[in-house]
Amino acid sequence: MPTTSIPTPPIGRFAPSPTGELHLGSLTTALASYCHIKSLGGKWLLRIEDTDTERCDRQFTEQILIDLEVLGLHWDGDVVYQSERIDIYNEYLASTLRPLTYGCQCSRKDLEQYWAQQEQIPAHTDTATQLTVLPNRKRYPRRCVTKALDRLQHKLRIQLPDYLIGFHDGIQGQQWGNPQQTLGDMVVRRQDGMINYILAASLDDGLQGVTHIMRGLDILPMTTAQISIMQAARLPAIDRWYHLPLICSPNGQKLSKQNLAQPIDTRDPSQLIATALQLLQQPSVEIDTPARMLKQATAQWDNAPLHGQQQLSLINNRPTAKSATHNSDAC
């Protein structure tokens, strides 16, 4: 008698870095990813990306958890802390990803001197493409790739592929990018052992079975690198990508911790949810308890108003949207 497989629910996630408290920009990402995956009948995971031991603080982690609870954004399963998974990342670097990684001893000063010298050399034309070749500071010149340096005593770089990779973004449309041309051989582990963000995120998304990723547009340029790393690590591919417009202040500056964005005030969580939904251009919901508001927001969640939008801001308490002509290589 034939067996029927039970379809697994889609899995989304919210993965903040505790370098500060949640602000309106990170709240909209959390709210959008929650409502979207719940509208699909899926699970919403919470992962704390705290590998940056210099900038992350446990008190910010605790405040993030408190704020999410107050807002009714309850995650499924246990919270995953990347700081507790360093051995897993190092195991991948020592095994599956080892053929693509190498030790590097170049300092920033070394590379500045190298590029300064290269820029003194006259540009030349590639005979195959007939295009003018200029120095590309985004690409590490692979000065250490054949030196066989001690991997534990030096920073570790990964060789990203030098070809176009495409993926469909459910908000920004079709995207193409060459990770080697835009990011080069990225540092995936610093000399002090700190793991790079995109390596940890790539491995964890695969290991946690994440199928739908909804995050900010500022991470879109790293997506082809993540696709490459997950493929090299033999992890399941992400089914759906969504990169949300950035939330900006009235003067056009992105809301971020680096720009000293104000932490959210959860003393009136219902109004905060209403404001975030307004920013996300979602149908209005009745002001009620957070749980009831989220249930209504989930039932009527719609990505369509966000399509093609790259920037959202509040002016006179009303959301405005800004779209831009997409450069398909800038992804």
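Above this text sits the structure in question.
What counts as what
- Counting starts from 1 at the beginning of each chain's written sequence and moves along it residue by residue.
- Given that the model is predicted, a residue must reach a pLDDT of at least 70 before its local features are reported, and side-chain atom pairs must reach 80 or more before they are shown or counted; all residues, however, enter totals for whole chains, interfaces and linings.
- Where side-chain values are given, they derive from all heavy atoms of the structure, hydrogens and water being excluded.
- The salt bridge definition used is simple: a Lys or Arg side-chain nitrogen within 4 Å of an Asp or Glu carboxyl oxygen.
- Each helix is a run of DSSP H or I of at least 4 residues and each strand a run of E of at least 2, with the numbering of both proceeding from the N terminus.
- In this scheme, a residue with accessible area under 20% of its type's maximum is buried, one over 50% is exposed, and one in between is partly exposed, where area comes from a 1.4 Å probe on protein chains only.
- Whether two strands pair comes down to DSSP finding at least two bridges between them.
- Only Phe, Tyr and Trp rings take part, Trp by its six-membered ring, and two of them pair if their centres are within 6.5 Å. Stacked means planes under 30 degrees apart, edge-to-face means over 60, and tilted covers everything else.
- Buried Ala, Val, Leu, Ile, Met, Phe, Trp, Tyr and Cys residues that are joined via side-chain atoms within 4.5 Å together make up what is termed a nonpolar core.
- The contact criterion used is simple: two residues touch if any of their non-hydrogen atoms lie within 4.5 Å.
- Two N or O atoms form a polar contact when they lie within 3.5 Å of each other; inside protein one atom must be a possible hydrogen donor and the other a possible acceptor, and for residues adjacent in sequence the pair counts only when both atoms belong to side chains.
- The directions from the helix axis to the C-beta atoms are what the arc is built from.
- Handedness rule for crossovers: strands pointing away from the viewer, path from the first strand over the helix to the second running clockwise, crossover right-handed.

A. The arrangement of the pattern of salt bridges in detail. Tallied over the entire structure, the rule returns 12 salt bridges. Close ionic contact of aspartate 204 with arginine 47 constitutes a salt bridge, the shortest N to O distance being 4.0 Å. Within this pair, whereas aspartate 204 is found in helix α6 (residues 197-207), its partner arginine 47 is found in strand β2 (residues 43-48), the two being separated by 157 residues in sequence. You can call aspartate 204 buried: its relative accessible area is 0%. Since its relative accessible area comes to 1%, arginine 47 is described here as buried. With a shortest N-O distance of 2.6 Å, aspartate 192 and arginine 190 are connected by a salt bridge. By sharing partners, the salt bridges in this structure join Arg13, Arg47, Glu49, Arg85, Asp204 and Asp205 into a single network.

B. Representation of the sheet that holds strand β3 (residues 80-81) within the structure. Reading across from one edge, β1-β2-β3 is the order of the 3 strands in this open sheet, with parallel pairing throughout. The sheet is open, and its two borders are formed by β1 (11-14) and β3, each paired with just one other strand. Two strands pair when backbone bridges link them, and β1 and β2 are joined in this way by 4 bridges, in the parallel orientation. Bridge assignment links phenylalanine 14 to a residue of β2, and that residue is leucine 46.

C. Inspection of the packing of aromatic side chains at higher detail. One pass over the structure, following the stated rule, counts 4 aromatic pairs. Plain terms: the ring middles of tyrosine 34 and tryptophan 44 are 5.2 Å apart, the flat faces sit at 90° to each other, and that makes the pair edge-to-face. Of this pair, tyrosine 34 sits in helix α1 (residues 24-39) while tryptophan 44 sits in strand β2, and the two are 10 residues apart along the sequence. Exposure remark for tryptophan 44: the relative accessible area of 0% places this residue in the buried category.

D. Examining the nonpolar core more closely. Ranked by internal contacts, the top residues of the largest apolar core, which has 41 residues, are Leu27, Leu31, Trp44, Leu68 and Leu73. Sorting the residues of this core by element identifies α1, β2, α2 (58-70), β12 (240-244), α8 (269-279) and α9 (290-299) as the ones contributing at least two each. Broken down by element, the residue count for this core peaks at 8 residues, all from α1. Once residues within four sequence positions are removed from consideration, leucine 73 is found in contact with Leu27, Ala30, Leu31, Tyr34, Trp44, Leu68 and Leu294. Residues Met186, Ile195, Leu199 and Ala233 belong to the second largest nonpolar core, which totals 18 residues.

E. Molecular detail of α6. Buried residues dominate α6, accounting for 9 of its 11 residues. Here α6 has its buried residues at Ile198, Leu199, Ala200, Ala201, Ser202, Leu203, Asp204, Asp205 and Gly206. Of the surrounding secondary structure, the elements contacted by the buried residues of α6 are β1, β2, α3 (86-94), β10 (186-189), β11 (212-216) and α7 (223-232). Its side-chain oxygen 2.7 Å from the backbone nitrogen of isoleucine 198, asparagine 196 forms the N-cap of α6. Glycine 209 sits one or two residues past α6 and shows a positive phi near 70°.

F. Inspection of α3 at higher detail. The set of residues buried in α3 consists of Tyr89, Tyr92 and Leu93. Here the buried residues of α3 occupy an arc of 100° about the axis, which is enough to place them on one side.

G. Broad picture of the pairing of β2. With respect to burial, β2 is a largely interior element, 5 of its 6 residues being buried. At this point the chain moves from β1, through α1, to the parallel β2, and the crossover so formed is right-handed. As defined by bridge partners, β2 adjoins β3 across 2 bridges and the pair is classed as parallel. Paired with arginine 47 across the two strands is valine 80, which belongs to β3. Crossover β2 to β3 through α2 is right-handed.

What is shown is where atoms sit, not what they do.
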